[in-house]
Structures are given as structure tokens and as C-alpha cells.
Amino acid sequence: MTRPPHPHPMQVHTCHADGACCRPPRFQAHLDAADGTGPVHRSAEACSDHVGDMVQALTTWARRRQLSDAQLRLFAIDRPADDRTPPGPGGQGGPDPLSLAVSTIRLTE
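Residue numbers restart at each chain and count upward from 1, following the sequence in its written direction. Per-residue local features are limited, in this predicted model, to residues with pLDDT of at least 70; the limit for side-chain atom pairs, both in listing and counting, is 80 or more; totals at the level of whole chains, interfaces and linings are taken over all residues. Neither water nor hydrogens contribute to the side-chain values; these are computed over all heavy atoms in the structure.

*Asks:* What is the right way to read the overall build of the chain from this model?
*Replies:* Helix and strand assignments come from DSSP, with helices taken as H or I runs of at least 4 residues and strands as E runs of at least 2, each series counted from the N terminus. Secondary structure assignment for the chain yields one helix and four strands. Listing every helix and strand of the chain by position from the N terminus yields β-β-α-β-β. Here the contacts in the chain between residues at least 6 apart in sequence split such that 66% fall between residues at least 24 apart. A total accessible area of about 6700 Å² is found for the chain, and carbon and sulfur atoms account for 53% of it. The contact criterion used throughout is that any non-hydrogen atoms of two residues lie within 4.5 Å. For the area figures, the Shrake-Rupley method with a 1.4 Å probe applies, and any residue is considered shielded solely by the protein chains shown.

Structure representation (C-alpha cells):
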């Protein structure tokens, strides 16, 4: 299965869970689901202090949209400080090449 490009490019080296947090991300979350028209993908990154907030926000977002067959994959990342490469293979919104899968959470109603 090929993934479409991420609809909203993530800013590299910032925590997405808290707009005021400037810490580097250490976790990526990738939500894959379906709505009535096709697949839905959403991604975010967070520092270690905000990983729980990130997972909760993506879960809430999916439930409010009543997405079916939703799955949230969590990856630990350790990007070099001077790395300017966008997240994911070729910047397409998938996990970083140097990531470690931590968990897969199946979202149910």
C-alpha cells in the first residue's frame, strides 16, 4: 500500500503537541483510518513530555470524525540535531528510517 503525501507538512525539530514547546521530537504517531470516501492519514511528533498529549489528541480527532478501522502507530525517533530531512521516507509522512516501533493502538468506539 502506498501512502499519499502528508497533507500538512510537519515542522522539523519541534514538538507538535504543545505550540510553546521547543524541545526536539522523540516520538512520531501515524494514524491510519478510513472515512466514507477513502483512506485518511494524519501524523504528529512530540517530545517525551508530550507524547501522551499527542496520542490523546489524535485519538480524539479520529473519534470526532467517526473514522472506521483506525490504527495509531507510535514510533520512537532519534533524529540527529543537524538533520534537515523532513520526517518519513522522502518526506511522505511515514516513520523516520531510523525509528523504532513502540506500539500499535487499534482505535475502537
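*Asks:* Quick question: what am I supposed to make of the pairing of strand S2 (residues 39-46) here?
*Replies:* Consecutive side chains of a regular strand alternate in pointing toward one face of the sheet and then the other. Burial within S2 is extensive, with six of its eight residues counted as buried. At least two DSSP bridges between two strands are needed for those strands to be called paired. Bridging between strand S1 (residues 27-34) and S2 involves eight bridges; their strand directions are antiparallel. Within the sheet, the bridge partner assigned to Ala-33 lies in S2 and is Val-40. Two successive antiparallel strands, S1 and S2, enclose a turn made up of four residues, where Gly-38 displays a positive phi of approximately 155°. Each residue is assigned to one of three classes by its accessible area relative to the maximum for its type, calculated with a 1.4 Å probe on protein chains only: buried under 20%, partly exposed between the two thresholds, exposed over 50%.

*Asks:* What is the right way to look at the sheet that holds strand S3 (residues 68-76) in this model?
*Replies:* Backbone hydrogen bonds are what pair the strands of a sheet, in a parallel or an antiparallel way. Spatially, S2-S1-S3-S4 is the arrangement adopted by the four strands of the open sheet, whose pairing is antiparallel. One side of each edge strand has no neighbouring strand; the edge strands of this open sheet are S2 and strand S4 (100-107). Here the strands of the sheet are splayed against their neighbours by 15° on average, with no regard to which way each runs. Here seven bridges tie S1 to S3, and the two strands are oriented antiparallel to one another. Directly across from Gln-28, in S3, lies its bridge partner Phe-75. Under this scheme, a helix contributes an axis fitted over its contacting stretch, all axes are lines through C-alpha atoms, and angles between N-to-C directions fall in the 0 to 180 degree range.

*Asks:* What exactly am I supposed to notice about the confidence of the model for the chain here?
*Replies:* When pLDDT drops low, the exact placement of atoms in the prediction is not to be read closely. When pLDDT is averaged along the chain, the result is 77, and 68% of the positions lie at 70 or above. The model gives residues 88-92 a pLDDT under 50, and that stretch makes eleven contacts with residues more than four places away or in other chains. What pLDDT reports is the predictor's confidence in each residue, on a scale of 0 through 100.

*Asks:* Can you help me understand the pattern of salt bridges in this one?
*Replies:* Pairing between side chains of opposite charge can happen when their charged atoms approach one another. A carboxyl oxygen of Asp or Glu within 4 Å of a side-chain nitrogen of Lys or Arg is what we treat as a salt bridge. Within this structure, the stated rule accounts for three salt bridges. Between Arg-23 and Asp-49 there is a salt bridge whose closest N-O contact spans 2.4 Å. Separated by 26 residues along the polypeptide, Arg-23 in the segment before S1 and Asp-49 in the loop between S2 and helix H1 (51-64) bring together distant segments of the chain. Judged by relative accessible area, Asp-49 falls into the exposed class, the value being 57%. Linking Asp-32 and Arg-73 is a salt bridge whose minimum nitrogen-to-oxygen distance equals 3.2 Å. Placement of the pair is Asp-32 in strand S1 and Arg-73 in strand S3, with a sequence separation of 41 residues.

*Asks:* Would you take a moment to explain the environment of Thr-104 for this structure?
*Replies:* For Thr-104, the location among the structural elements is in strand S4. For Thr-104, a relative accessible area of 53% puts it in the exposed group. Between the C-alpha atoms of Thr-104 and Leu-72, which are 32 residues apart in sequence, the distance is 5.7 Å. Apart from residues no more than four positions distant in its own chain, Thr-104 is found in contact with Gln-71, Leu-72 and Arg-73.

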